Amino acid sequence: MFGSYLPRTLVRVAGLAGVGSAGLVGWNLWGAPRRAVCEAVEIDTTNIPRPTRTVKGVAQDKQDFHVTLFQYQTCPFCSKVRAYMDYYGLGYDVVEVNPLFRSETKFSTYRKIPFVLYNDHKELRKRELLLPDSSLIVSLFQTARLQSKSDKSDVKNLLQFYPEHTVTTDGKEKKDFANKYYVMYEKELGADRLVSIKNETKWRQWVDETLVHTLAPNIYQSPSEAVRTFKYLADAGDWEKIFPSWQVPVVIYVGASMMYVIGKRLKKRYGLKDNVRISMYEACDDWVRAVGDQPYLGGAQPNLADLATYGVLSAIEGCDAFVDLAKNTKILPWFKRMKAAVNSHHGANSLKAVTAA
């Protein structure tokens, strides 16, 4: 059975097992008193808001589950989840969350964005599984996607291989998930494949712990750039159509002021250079060197690290910082290849249904 392979294979590939330390890097403007609880739980969906939009998957006939993504359109972690689902052609509902008021998440004790509601039917149910953490979501879905067609994988039971635990970072305790950068495999893997997997895992973790920390200090590096960034966020997220009209300018100008200050704090916390653009350029230069002469880090096809890096960078594509990044690094050819692969749902042909028992 599928589950019988998992503990053994996990030991084989988890040489770099660890936990990420990245938060929302300021996209979540302020916290909720109870959001520290991060375990995946079944919740009552009676009072959840209606979807803002529905993404029709090109692999709809193979998909026997339902996903609702609670997101900010330009949150890098939300973009990471979307990049994965879009690449594989999955269908899903989207609930756009107001980044200042966040009333759309009041039904849940867990309010950190993103999270998904999941069930093993084709439509919304009265009780669904809430899955937190973008990297955990991707690893769970990929593990289920790779199962043999004769088995049905219970996504909820797969969580036993991603146990929740407490970690201490900078003297503060927080909840996280062990092994969240790891995909579980049914079969024993060869030496070359194990090296590839460890490299993929290393760079997935790098996205959360290095790359993403360079973004907020760059897109909010001055008051004027912070306002331009928030206007881009409003346009990209269709705030004028989704939220009450009076809320939009409040979010733009209050949010920009807050994030300008927070960006300075993040610059200091993560030891970025005085010219924060250079820190972002250097991180992306590291990525380009890792990809090398291949089309993608995964070789001929994108792997999960490619999707994570693309997802995070696509969140700032409309910002001044991205324009400067494209001019001052060699990342744009890879980024354009990834954008074409994601937008054309290139991975859909390899999709196997993600199901639950």
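Note: the structure precedes this text.
Because the structure is predicted, anything quoted here is derived from the model rather than measured.

(A) Region of interest: the overall build of the protein. For the protein, the helix and strand inventory stands at 13 helices and eight strands. When burial is assessed residue by residue, the protein has 56% of its 357 residues classed as buried. Intrachain contacts of the protein at a sequence separation of at least 6 include 76% that bridge at least 24 residues.

(B) Summary view of the pattern of salt bridges. Summed over the entire model, instances satisfying the criterion amount to 13 salt bridges. Of the charged contacts in the structure, one is a salt bridge between Lys267 and Asp274, with a shortest N-O distance of 3.9 Å. Two residues, Arg277 and Asp324, come together in a salt bridge whose shortest N-O distance is 3.0 Å. Remark: Asp324 occurs in helix α12 (residues 320-328) and Arg277 occurs in helix α10 (residues 276-291); sequence separation between them is 47 residues. Here Asp324 falls in the partly exposed class, since its relative accessible area comes to 24%. A cluster of three or more residues bridged by salt bridges with shared partners is formed by Asp133, Lys174, Asp176 and Lys180.

(C) Geometry of the environment of Ala308. Its place among the elements puts Ala308 in helix α11 (residues 304-314). A C-alpha to C-alpha distance of 7.7 Å links Ala308 and Tyr84, two positions 224 residues apart in sequence. With residues up to four places along the chain from it excluded, the contact list for Ala308 reads Lys80 and Val207.

(D) Here's a closer look at the packing of helix α2 (residues 76-87) against α11. One way to put it is that α2 packs onto α11 with a least axis distance of 7 Å and a crossing angle of 130°. As summarised for this structure, α2 and α11 are arranged oblique, according to the angle between their axes. Crossing hand, α2 versus α11: right-handed. Contact residues: α2 offers Pro76, Ser79, Lys80, Ala83, Tyr84 and Tyr87, while α11 offers Leu304, Leu307, Ala308, Tyr310, Gly311, Val312 and Ser314.

(E) Highlighting the side chain of Arg145. With respect to the helices and strands, the residue Arg145 is situated in helix α3 (residues 134-145). We note that Arg145 is buried and unpaired, the nearest opposite charge coming from Glu200 at a distance of 8.6 Å. Side chain to side chain, Arg145 and Tyr88 meet in a polar contact 3.4 Å long.

(F) The arrangement of the pairing of strand β4 (residues 92-96) in detail. In terms of burial, β4 is largely enclosed, as five of its five residues are buried. Judged by which residues are buried, β4 turns out to be covered on both faces: Tyr92, Val94 and Glu96 on one side and Asp93 and Val95 on the other are all buried. Here strand β2 (residues 53-55) runs beside β4; their pairing, made up of three bridges, is antiparallel. The partner of Arg53 across the bridge, within β4, is Val94. Considered for its hand, the β-α-β crossover made up of strand β3 (residues 66-71), α2 and β4 is right-handed.

(G) Examining α10 more closely. The end-to-end C-alpha distance of α10, which contains 16 residues, comes to 23 Å, matching closely the 22 Å that a straight helix rising 1.5 Å per residue would cover. Three or more residues of α10 are buried, namely Val276, Arg277, Ser279, Met280, Tyr281, Ala283, Cys284, Trp287 and Val291. Among the residues trailing α10, Gly292 stands out with phi positive, at a value near 65°.

(H) Region of interest: unusual backbone geometry. Here the bond from Ile113 into Pro114 is cis, since omega is 5°, no more than 30 degrees from zero. Within the secondary structure layout, Pro114 lies in the loop between β4 and β5 (115-119). With a phi angle near 75°, Asp133 is a residue other than glycine that sits in the positive phi range. Here Asp133 is to be found in the loop between β6 (127-132) and α3. According to the relative accessible area criterion, Asp133 is buried, its value standing at 18%. The backbone of Asp238 shows a phi angle near 55°, a positive value even though the residue is not glycine. On the secondary structure map, Asp238 appears in the loop between α7 (223-236) and α8 (239-242).

(I) Main features of α3. In this model α3 runs 16 Å from its N-terminal to its C-terminal C-alpha over twelve residues, within 8% of the 16 Å that 1.5 Å per residue would give. Buried residues dominate α3, accounting for twelve of its twelve residues. Taken together, the buried positions of α3 are occupied by Ser134, Ser135, Leu136, Ile137, Val138, Ser139, Leu140, Phe141, Gln142, Thr143, Ala144 and Arg145. Among the residues of α3, the N-terminal cap falls to Asp133, whose side-chain oxygen and the backbone nitrogen of Ser135 are separated by 3.0 Å.

(J) The arrangement of the nonpolar core in detail. The biggest cluster of nonpolar side chains holds 103 residues, and the ones touching the most others in it are Leu131 and Trp334. Those residues in contact with Leu131 that sit more than four places away from it in its chain are Ala40, Phe115, Val116, Tyr118, Ile137, Leu140, Phe141, Val155 and Leu159.

(K) Geometry of empty space enclosed by the protein. If you walk through the whole model with that rule in mind, you get two cavities of 30 Å³ or more. Size it by volume and the second largest cavity reaches roughly 70 Å³. In this structure, the second largest cavity is lined by Lys80, Tyr84, Ser134, Ser135, Val138, Tyr181, Arg204, Leu304, Leu307 and Ala308. Taken together, the elements giving at least two residues each to the lining of the second largest cavity come down to α2, α3 and α11. Here the residues of the lining of the second largest cavity are counted per class, giving six nonpolar, two polar and two charged.

Cut-offs used in this document
- Residues numbered from 1 in each chain as written.
- Predicted model: local features only at pLDDT ≥ 70, side-chain atom pairs only at ≥ 80, totals over all residues.
- Heavy atoms only, no water.
- Helix = DSSP H or I, 4+ residues; strand = E, 2+ residues; numbered from the N terminus.
- Buried < 20%, exposed > 50% of the residue type's maximum accessible area, 1.4 Å probe, protein only.
- Contact = heavy atoms within 4.5 Å.
- Salt bridge = Lys/Arg side-chain N within 4 Å of Asp/Glu carboxyl O.
- Axes fitted to C-alpha atoms, helices over the stretch in contact; angles between N-to-C directions.
- Parallel < 35°, antiparallel > 145°, perpendicular 65-115°, else oblique.
- Left-handed = near helix turned anticlockwise from the far one by under 90°.
- Lys, Arg positive; Asp, Glu negative; His and termini not counted.
- Polar contact = N/O pair within 3.5 Å; in protein donor to acceptor, adjacent residues only side chain to side chain.
- Pairing = 2+ DSSP bridges.
- Right-handed = clockwise from strand over helix to strand, strands pointing away.
- Expected span 1.5 Å × (residues − 1).
- Core = buried A, V, L, I, M, F, W, Y, C linked by side-chain atoms within 4.5 Å.
- 1 Å grid on protein atoms, 1.4 Å probe; cavity = no way out; pocket = protein on both sides within 12 Å on 5 of 7 lines; lining within 4 Å.
- Points joined across faces, edges and corners; volume = space filled by probe spheres on them.
- Nonpolar A, V, L, I, M, F, W, Y, C, P; charged D, E, K, R; others polar.

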